[in-house]
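# Observations on the three-dimensional arrangement
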Amino acid sequence: MTSSALDEHALAPVTPARQYGIDLARLAAAYMVVYGHLVWGGTFSTEGEYRAWMNPAEALPLLKQAEQSAWLLDFVLQPFATGLAMIGVGLFFLISGWLMPPMLHRYSRAQFVVNRSFRIFPMLICAVLLAAAIQLGAGNSDALHWKNVISTAFLANQFVGVPLSLGVVWTLIVEFKFYLSLAVLGALSQTKVLLASFVLLLSTLIYAMSGHRSAGFEQVFLHDAYFIMFMLVGCSLRLAADACISVPAWRRISPPLAAAILFGVNRSVFLANLETPPMQELNVATQIGIFFLFGVSIWWQLTKRVSTRIADLIEQCSNVTYSVYLLHLSVGTYLMVLFRKSVPDQYVLLAIVISLLSALSALTYQHIETPFNVYAKKRLLGKA
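Scope of this entry: the structure provided in the associated data block. (Residues numbered from 1 in each chain as written. Predicted model: local features only at pLDDT ≥ 70, side-chain atom pairs only at ≥ 80, totals over all residues. Heavy atoms only, no water.)

Another point: the overall build of the protein chain. Helices and strands together make up the secondary structure of the protein chain, namely 14 helices and zero strands. When the helices and strands of the protein chain are listed from N to C terminus, the series reads α-α-α-α-α-α-α-α-α-α-α-α-α-α. In terms of overall dimensions, the protein chain is globule-like: its C-alpha atoms have a radius of gyration of 21 Å, near the 21 Å expected for 384 residues. By its C-alpha atoms, the protein chain is 65 × 60 × 45 Å across when sized along the principal axes. Put simply, the protein chain has 384 residues, and 52% of those count as buried. The protein chain carries 25 positive and 19 negative side-chain charges, and their two centres are separated by 11 Å. (Helix = DSSP H or I, 4+ residues; strand = E, 2+ residues; numbered from the N terminus. Rg over C-alpha atoms; globule rule 2.2 N^0.38 Å. Buried < 20%, exposed > 50% of the residue type's maximum accessible area, 1.4 Å probe, protein only. Lys, Arg positive; Asp, Glu negative; His and termini not counted. Charge placed at Lys NZ, Arg CZ, Asp CG, Glu CD.)

Quick look at the structure:
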(Lines give C-alpha, C1' and ligand atoms only; values in the text may rest on other atoms or scores of the structure.)
Protein backbone atom coordinates (compact mmCIF):
# COMPACT_ATOMS: atom_id res chain seq x y z
CA MET A 1 0.00 0.00 0.00
CA THR A 2 0.65 2.39 -0.72
CA SER A 3 -0.51 6.02 -0.20
CA SER A 4 -1.18 7.47 -3.65
CA ALA A 5 -3.54 4.62 -4.31
CA LEU A 6 -5.61 6.12 -1.50
CA ASP A 7 -6.09 9.60 -2.96
CA GLU A 8 -9.22 11.08 -4.55
CA HIS A 9 -8.51 12.88 -7.80
CA ALA A 10 -10.84 13.99 -10.61
CA LEU A 11 -10.50 11.85 -13.73
CA ALA A 12 -10.03 13.28 -17.19
CA PRO A 13 -13.15 14.20 -19.18
CA VAL A 14 -13.11 10.92 -21.10
CA THR A 15 -13.79 9.02 -17.86
CA PRO A 16 -16.43 9.44 -15.14
CA ALA A 17 -15.85 12.24 -12.65
CA ARG A 18 -16.43 9.95 -9.69
CA GLN A 19 -13.86 7.28 -8.94
CA TYR A 20 -16.03 4.77 -7.13
CA GLY A 21 -14.45 1.93 -9.11
CA ILE A 22 -10.94 2.92 -8.07
CA ASP A 23 -12.15 3.56 -4.52
CA LEU A 24 -13.58 0.06 -4.37
CA ALA A 25 -10.37 -1.40 -5.80
CA ARG A 26 -8.22 0.23 -3.16
CA LEU A 27 -10.62 -0.94 -0.46
CA ALA A 28 -10.25 -4.47 -1.79
CA ALA A 29 -6.46 -4.08 -1.93
CA ALA A 30 -6.22 -2.86 1.67
CA TYR A 31 -8.35 -5.62 3.14
CA MET A 32 -6.65 -8.29 1.04
CA VAL A 33 -3.40 -7.26 2.75
CA VAL A 34 -5.19 -7.33 6.12
CA TYR A 35 -6.48 -10.81 5.29
CA GLY A 36 -3.04 -12.05 4.31
CA HIS A 37 -1.41 -10.86 7.50
CA LEU A 38 -4.14 -11.34 10.11
CA VAL A 39 -6.02 -14.38 8.75
CA TRP A 40 -3.48 -16.44 6.81
CA GLY A 41 -0.45 -15.24 8.76
CA GLY A 42 -2.40 -15.26 12.00
CA THR A 43 -3.28 -18.91 11.45
CA PHE A 44 0.12 -20.24 10.37
CA SER A 45 2.93 -17.86 11.40
CA THR A 46 4.74 -19.00 14.50
CA GLU A 47 7.56 -16.45 14.54
CA GLY A 48 8.65 -13.42 12.57
CA GLU A 49 7.26 -9.93 12.88
CA TYR A 50 4.18 -11.01 14.81
CA ARG A 51 6.37 -11.65 17.83
CA ALA A 52 7.22 -7.92 18.02
CA TRP A 53 3.68 -6.87 18.94
CA MET A 54 3.09 -9.32 21.77
CA ASN A 55 4.58 -10.43 25.03
CA PRO A 56 7.28 -13.06 24.44
CA ALA A 57 5.33 -15.42 26.70
CA GLU A 58 2.31 -15.38 24.35
CA ALA A 59 1.87 -18.37 22.07
CA LEU A 60 1.78 -18.24 18.30
CA PRO A 61 -0.05 -18.65 15.97
CA LEU A 62 -2.72 -16.11 16.78
CA LEU A 63 -5.60 -18.20 15.41
CA LYS A 64 -6.42 -21.90 15.60
CA GLN A 65 -6.57 -23.56 12.22
CA ALA A 66 -9.04 -26.21 13.32
CA GLU A 67 -11.57 -23.67 14.64
CA GLN A 68 -11.95 -21.55 11.50
CA SER A 69 -11.55 -22.03 7.77
CA ALA A 70 -11.11 -18.42 6.66
CA TRP A 71 -7.51 -19.28 5.72
CA LEU A 72 -8.72 -21.57 2.94
CA LEU A 73 -8.97 -18.70 0.45
CA ASP A 74 -5.21 -18.21 0.40
CA PHE A 75 -4.70 -21.98 0.49
CA VAL A 76 -6.33 -22.18 -2.95
CA LEU A 77 -3.78 -19.67 -4.28
CA GLN A 78 -0.72 -21.39 -2.82
CA PRO A 79 -0.09 -23.70 -5.82
CA PHE A 80 0.24 -20.56 -7.95
CA ALA A 81 2.91 -19.10 -5.60
CA THR A 82 0.78 -16.09 -4.77
CA GLY A 83 -1.60 -14.87 -2.10
CA LEU A 84 -4.19 -12.20 -1.49
CA ALA A 85 -1.73 -9.95 0.36
CA MET A 86 0.68 -9.82 -2.60
CA ILE A 87 -2.17 -9.28 -5.05
CA GLY A 88 -3.37 -6.44 -2.82
CA VAL A 89 0.08 -4.83 -2.72
CA GLY A 90 0.41 -5.11 -6.51
CA LEU A 91 -3.06 -3.63 -6.96
CA PHE A 92 -2.05 -0.68 -4.79
CA PHE A 93 1.03 -0.14 -6.95
CA LEU A 94 -1.00 -0.25 -10.16
CA ILE A 95 -3.59 2.19 -8.80
CA SER A 96 -0.80 4.53 -7.68
CA GLY A 97 0.55 4.64 -11.21
CA TRP A 98 -2.94 5.21 -12.59
CA LEU A 99 -3.52 8.24 -10.36
CA MET A 100 -0.26 10.09 -11.02
CA PRO A 101 -0.50 11.53 -14.59
CA PRO A 102 -3.26 14.07 -13.79
CA MET A 103 -1.36 15.26 -10.71
CA LEU A 104 1.80 15.88 -12.70
CA HIS A 105 -0.17 18.01 -15.13
CA ARG A 106 -1.75 20.05 -12.33
CA TYR A 107 1.28 20.56 -10.10
CA SER A 108 4.82 21.74 -10.64
CA ARG A 109 7.59 19.30 -9.76
CA ALA A 110 8.17 20.95 -6.37
CA GLN A 111 4.44 21.10 -5.61
CA PHE A 112 4.10 17.43 -6.51
CA VAL A 113 6.84 16.36 -4.08
CA VAL A 114 5.40 18.56 -1.31
CA ASN A 115 1.91 17.17 -1.91
CA ARG A 116 3.14 13.57 -1.79
CA SER A 117 5.24 14.24 1.31
CA PHE A 118 2.28 15.65 3.22
CA ARG A 119 0.20 12.70 2.03
CA ILE A 120 2.69 10.09 3.24
CA PHE A 121 4.62 11.27 6.27
CA PRO A 122 2.13 12.57 8.91
CA MET A 123 0.22 9.28 9.13
CA LEU A 124 3.38 7.24 8.63
CA ILE A 125 5.12 8.92 11.56
CA CYS A 126 2.09 8.40 13.81
CA ALA A 127 1.76 4.74 12.78
CA VAL A 128 5.45 4.02 13.40
CA LEU A 129 5.36 5.72 16.82
CA LEU A 130 2.20 3.83 17.76
CA ALA A 131 3.78 0.54 16.66
CA ALA A 132 6.85 1.37 18.75
CA ALA A 133 4.65 2.13 21.75
CA ILE A 134 2.88 -1.22 21.37
CA GLN A 135 6.20 -3.01 21.03
CA LEU A 136 7.60 -1.17 24.05
CA GLY A 137 4.56 -1.81 26.22
CA ALA A 138 3.54 -5.32 25.27
CA GLY A 139 6.01 -6.67 22.78
CA ASN A 140 9.65 -7.57 22.46
CA SER A 141 11.06 -4.25 23.67
CA ASP A 142 14.63 -5.58 23.66
CA ALA A 143 14.60 -5.53 19.85
CA LEU A 144 13.33 -1.93 19.69
CA HIS A 145 15.98 0.64 18.77
CA TRP A 146 15.43 4.36 18.28
CA LYS A 147 17.44 4.36 15.03
CA ASN A 148 15.10 1.78 13.53
CA VAL A 149 12.03 3.78 14.57
CA ILE A 150 13.26 7.17 13.34
CA SER A 151 14.60 5.83 10.05
CA THR A 152 11.34 3.92 9.43
CA ALA A 153 9.26 7.03 10.12
CA PHE A 154 11.25 8.96 7.50
CA LEU A 155 11.82 6.11 4.99
CA ALA A 156 15.58 6.27 5.52
CA ASN A 157 16.38 2.66 6.50
CA GLN A 158 18.17 1.82 3.28
CA PHE A 159 20.45 4.83 3.65
CA VAL A 160 21.44 4.25 7.28
CA GLY A 161 21.54 0.46 7.03
CA VAL A 162 19.09 -0.50 9.79
CA PRO A 163 16.01 -2.76 9.66
CA LEU A 164 12.47 -1.42 9.45
CA SER A 165 10.67 -1.25 12.77
CA LEU A 166 7.39 -1.75 10.87
CA GLY A 167 7.78 -4.15 7.97
CA VAL A 168 4.85 -3.00 5.82
CA VAL A 169 6.62 0.34 5.27
CA TRP A 170 8.77 -1.24 2.54
CA THR A 171 6.05 -0.43 0.00
CA LEU A 172 6.14 3.24 0.95
CA ILE A 173 9.89 3.34 0.35
CA VAL A 174 9.22 2.03 -3.15
CA GLU A 175 6.43 4.49 -3.67
CA PHE A 176 8.33 7.55 -2.50
CA LYS A 177 11.16 6.66 -4.88
CA PHE A 178 8.50 6.42 -7.58
CA TYR A 179 7.31 9.94 -6.73
CA LEU A 180 10.83 11.33 -6.85
CA SER A 181 11.34 9.69 -10.24
CA LEU A 182 8.11 11.23 -11.53
CA ALA A 183 9.17 14.64 -10.20
CA VAL A 184 12.26 14.38 -12.41
CA LEU A 185 10.14 13.41 -15.43
CA GLY A 186 7.54 16.14 -14.89
CA ALA A 187 4.29 16.09 -16.87
CA LEU A 188 4.00 12.56 -18.20
CA SER A 189 3.69 11.32 -21.74
CA GLN A 190 3.81 7.80 -23.09
CA THR A 191 7.28 8.52 -24.49
CA LYS A 192 8.57 9.51 -21.04
CA VAL A 193 7.02 6.47 -19.39
CA LEU A 194 8.51 4.06 -21.91
CA LEU A 195 11.89 5.78 -21.77
CA ALA A 196 11.94 5.55 -17.97
CA SER A 197 10.95 1.87 -18.14
CA PHE A 198 13.70 1.19 -20.66
CA VAL A 199 16.33 2.93 -18.50
CA LEU A 200 15.33 0.85 -15.47
CA LEU A 201 15.43 -2.34 -17.54
CA LEU A 202 18.81 -1.40 -18.98
CA SER A 203 20.17 -0.83 -15.48
CA THR A 204 19.07 -4.31 -14.43
CA LEU A 205 20.58 -5.85 -17.57
CA ILE A 206 23.92 -4.10 -17.06
CA TYR A 207 24.01 -5.30 -13.46
CA ALA A 208 23.20 -8.87 -14.52
CA MET A 209 25.91 -8.89 -17.19
CA SER A 210 28.59 -7.26 -15.05
CA GLY A 211 29.04 -10.26 -12.76
CA HIS A 212 29.55 -7.92 -9.81
CA ARG A 213 27.14 -8.47 -6.94
CA SER A 214 26.23 -5.87 -4.34
CA ALA A 215 23.50 -6.69 -1.83
CA GLY A 216 23.10 -3.00 -0.99
CA PHE A 217 22.70 -1.97 -4.63
CA GLU A 218 20.25 -4.79 -5.25
CA GLN A 219 18.01 -3.75 -2.37
CA VAL A 220 18.27 0.03 -2.71
CA PHE A 221 17.89 0.18 -6.47
CA LEU A 222 17.06 -3.00 -8.40
CA HIS A 223 14.45 -4.40 -5.99
CA ASP A 224 12.58 -1.10 -5.85
CA ALA A 225 13.04 -0.38 -9.58
CA TYR A 226 11.29 -3.69 -10.26
CA PHE A 227 8.11 -2.47 -8.57
CA ILE A 228 8.48 1.07 -9.94
CA MET A 229 8.36 -0.39 -13.46
CA PHE A 230 5.05 -2.02 -12.59
CA MET A 231 3.72 1.34 -11.37
CA LEU A 232 4.80 2.88 -14.69
CA VAL A 233 2.49 0.37 -16.38
CA GLY A 234 -0.33 1.99 -14.39
CA CYS A 235 0.79 5.44 -15.59
CA SER A 236 0.77 4.23 -19.19
CA LEU A 237 -2.71 2.75 -18.79
CA ARG A 238 -4.02 6.07 -17.48
CA LEU A 239 -2.44 8.02 -20.32
CA ALA A 240 -4.02 5.60 -22.77
CA ALA A 241 -7.42 5.98 -21.11
CA ASP A 242 -7.16 9.78 -21.22
CA ALA A 243 -5.97 9.95 -24.82
CA CYS A 244 -8.15 11.70 -27.37
CA ILE A 245 -11.05 9.53 -28.45
CA SER A 246 -10.08 10.07 -32.09
CA VAL A 247 -6.78 8.23 -31.53
CA PRO A 248 -7.06 4.70 -33.00
CA ALA A 249 -7.43 1.95 -30.43
CA TRP A 250 -4.22 0.20 -31.48
CA ARG A 251 -2.22 3.38 -30.89
CA ARG A 252 -3.75 3.82 -27.46
CA ILE A 253 -3.11 0.27 -26.31
CA SER A 254 0.40 -0.11 -27.78
CA PRO A 255 2.27 1.95 -25.12
CA PRO A 256 0.76 0.15 -22.09
CA LEU A 257 1.45 -3.17 -23.79
CA ALA A 258 5.05 -2.11 -24.44
CA ALA A 259 5.43 -0.99 -20.80
CA ALA A 260 4.08 -4.34 -19.62
CA ILE A 261 6.49 -6.22 -21.91
CA LEU A 262 9.44 -4.17 -20.59
CA PHE A 263 8.34 -5.03 -17.06
CA GLY A 264 8.10 -8.71 -18.01
CA VAL A 265 11.64 -8.73 -19.38
CA ASN A 266 12.87 -6.93 -16.27
CA ARG A 267 11.11 -9.50 -14.10
CA SER A 268 12.88 -12.35 -15.87
CA VAL A 269 16.30 -10.75 -15.45
CA PHE A 270 15.51 -9.72 -11.89
CA LEU A 271 14.49 -13.23 -10.81
CA ALA A 272 17.48 -14.82 -12.53
CA ASN A 273 20.01 -12.63 -10.73
CA LEU A 274 18.54 -11.68 -7.36
CA GLU A 275 17.27 -13.70 -4.45
CA THR A 276 13.55 -13.07 -4.12
CA PRO A 277 11.54 -14.32 -1.13
CA PRO A 278 8.79 -16.79 -2.15
CA MET A 279 5.41 -15.20 -2.85
CA GLN A 280 6.88 -11.68 -2.67
CA GLU A 281 7.13 -10.88 -6.35
CA LEU A 282 4.63 -10.12 -9.09
CA ASN A 283 4.50 -13.50 -10.81
CA VAL A 284 2.06 -14.29 -13.62
CA ALA A 285 -0.69 -15.51 -11.30
CA THR A 286 -0.34 -12.37 -9.16
CA GLN A 287 -0.52 -10.15 -12.24
CA ILE A 288 -3.63 -11.94 -13.48
CA GLY A 289 -5.30 -11.27 -10.13
CA ILE A 290 -4.20 -7.63 -10.13
CA PHE A 291 -5.32 -6.83 -13.68
CA PHE A 292 -8.58 -8.73 -13.25
CA LEU A 293 -9.55 -6.72 -10.17
CA PHE A 294 -8.34 -3.47 -11.69
CA GLY A 295 -10.17 -4.15 -14.96
CA VAL A 296 -13.40 -4.97 -13.15
CA SER A 297 -13.15 -1.76 -11.12
CA ILE A 298 -12.61 0.38 -14.24
CA TRP A 299 -15.41 -1.40 -16.12
CA TRP A 300 -17.79 -0.91 -13.21
CA GLN A 301 -16.86 2.75 -13.03
CA LEU A 302 -17.47 3.25 -16.74
CA THR A 303 -20.96 1.72 -16.50
CA LYS A 304 -22.08 4.71 -14.36
CA ARG A 305 -24.65 2.51 -12.65
CA VAL A 306 -23.94 3.65 -9.10
CA SER A 307 -26.05 6.27 -7.37
CA THR A 308 -24.46 9.34 -5.81
CA ARG A 309 -25.27 8.02 -2.34
CA ILE A 310 -23.53 4.71 -2.98
CA ALA A 311 -20.55 6.45 -4.60
CA ASP A 312 -20.24 8.70 -1.54
CA LEU A 313 -20.36 5.69 0.78
CA ILE A 314 -17.66 3.88 -1.19
CA GLU A 315 -15.50 7.01 -1.15
CA GLN A 316 -15.91 7.45 2.62
CA CYS A 317 -15.05 3.80 3.27
CA SER A 318 -12.00 3.97 1.01
CA ASN A 319 -10.64 6.93 2.98
CA VAL A 320 -9.48 4.55 5.73
CA THR A 321 -7.27 2.40 3.49
CA TYR A 322 -3.93 4.14 4.07
CA SER A 323 -4.35 4.03 7.85
CA VAL A 324 -5.62 0.45 7.72
CA TYR A 325 -2.54 -0.56 5.77
CA LEU A 326 -0.13 1.12 8.19
CA LEU A 327 -1.87 0.02 11.39
CA HIS A 328 -3.14 -3.47 10.68
CA LEU A 329 -0.04 -5.48 11.51
CA SER A 330 0.92 -3.81 14.79
CA VAL A 331 -2.51 -2.79 16.08
CA GLY A 332 -4.26 -5.81 14.57
CA THR A 333 -1.83 -8.27 16.16
CA TYR A 334 -2.05 -6.47 19.50
CA LEU A 335 -5.87 -6.57 19.42
CA MET A 336 -5.93 -10.26 18.53
CA VAL A 337 -3.69 -11.07 21.46
CA LEU A 338 -5.78 -8.80 23.71
CA PHE A 339 -9.15 -10.39 22.85
CA ARG A 340 -8.40 -13.98 21.89
CA LYS A 341 -8.73 -15.34 25.43
CA SER A 342 -12.08 -13.64 26.06
CA VAL A 343 -13.50 -14.25 22.57
CA PRO A 344 -13.10 -17.98 21.84
CA ASP A 345 -15.00 -17.91 18.53
CA GLN A 346 -12.34 -17.26 15.86
CA TYR A 347 -14.75 -15.63 13.41
CA VAL A 348 -16.10 -13.25 16.04
CA LEU A 349 -12.54 -12.42 17.07
CA LEU A 350 -11.60 -11.52 13.50
CA ALA A 351 -14.77 -9.44 13.09
CA ILE A 352 -14.07 -7.51 16.30
CA VAL A 353 -10.42 -6.88 15.45
CA ILE A 354 -11.06 -5.75 11.88
CA SER A 355 -13.96 -3.54 12.99
CA LEU A 356 -11.89 -1.86 15.69
CA LEU A 357 -8.98 -1.45 13.29
CA SER A 358 -11.27 0.17 10.71
CA ALA A 359 -12.79 2.49 13.32
CA LEU A 360 -9.35 3.58 14.50
CA SER A 361 -8.32 4.16 10.89
CA ALA A 362 -11.39 6.35 10.34
CA LEU A 363 -10.35 8.47 13.33
CA THR A 364 -6.77 8.82 12.14
CA TYR A 365 -8.00 9.77 8.66
CA GLN A 366 -10.21 12.49 10.12
CA HIS A 367 -7.76 13.89 12.65
CA ILE A 368 -4.34 13.24 11.09
CA GLU A 369 -4.54 12.68 7.35
CA THR A 370 -7.24 15.21 6.45
CA PRO A 371 -5.78 18.26 8.28
CA PHE A 372 -2.35 17.77 6.71
CA ASN A 373 -3.81 17.15 3.24
CA VAL A 374 -5.86 20.34 3.47
CA TYR A 375 -2.87 22.30 4.74
CA ALA A 376 -0.67 21.09 1.90
CA LYS A 377 -3.23 21.97 -0.75
CA LYS A 378 -4.35 25.33 0.58
CA ARG A 379 -1.20 26.78 2.12
CA LEU A 380 1.70 25.23 0.24
CA LEU A 381 0.15 24.49 -3.14
CA GLY A 382 -2.46 27.21 -3.31
CA LYS A 383 -5.17 24.69 -4.09
CA ALA A 384 -8.69 24.70 -2.73
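The next subject is the packing of aromatic side chains. Applying the stated criterion across every chain, the model contains 21 aromatic pairs. Here F118 and F372 contribute two aromatic rings whose centre-to-centre distance is 6.4 Å and whose plane-to-plane angle is 40°, an arrangement assigned as tilted. Here F118 is found in helix α4 (residues 109-138), whereas its partner F372 is found in helix α14 (residues 346-380), with 254 residues between them in sequence. Taken together, a centroid distance of 5.8 Å and an interplanar angle of 65° make the contact between F230 and F291 edge-to-face. Of the two residues, F230 sits in helix α9 (residues 215-241) while F291 sits in helix α11 (residues 284-303), which places them 61 residues apart along the sequence. (Phe/Tyr/Trp six-rings, centres within 6.5 Å; stacked < 30°, edge-to-face > 60°.)

A separate point is unusual backbone geometry. Here the amide bond leading from L60 into P61 is cis, since omega sits at 5°, within 30 degrees of zero. Considering the arrangement of structural elements, one finds P61 in the loop between α1 (20-44) and α2 (72-77). The phi dihedral of A81 falls on the positive side, at around 55°, and the residue is not glycine. Within the secondary structure, A81 is located in the loop between α2 and α3 (84-106).

What follows covers the side chain of R340. Looking at where R340 falls in the secondary structure, it is placed in the loop between α13 (321-339) and α14. Note on R340: relative accessible area 16%, which makes it buried. Here the side chain of R340 touches P61 through a polar contact of 3.2 Å, landing on its backbone oxygen. Looking at R340, its side chain comes within polar contact range of the main-chain oxygen of L62, at 3.5 Å. Setting aside anything within four residues of it in sequence, one finds R340 in contact with M54, E58, A59, P61, L62 and L349. (Polar contact = N/O pair within 3.5 Å; in protein donor to acceptor, adjacent residues only side chain to side chain. Contact = heavy atoms within 4.5 Å.)

Further remarks concern helix α7 (residues 170-185). A rise of 1.5 Å per residue sets the reference length of α7, with its 16 residues, at 22 Å; its end C-alpha atoms lie 23 Å apart and thus fit the reference within 8%. Where α7 terminates, the next one or two residues include G186, which has phi positive at roughly 75°. (Expected span 1.5 Å × (residues − 1).)

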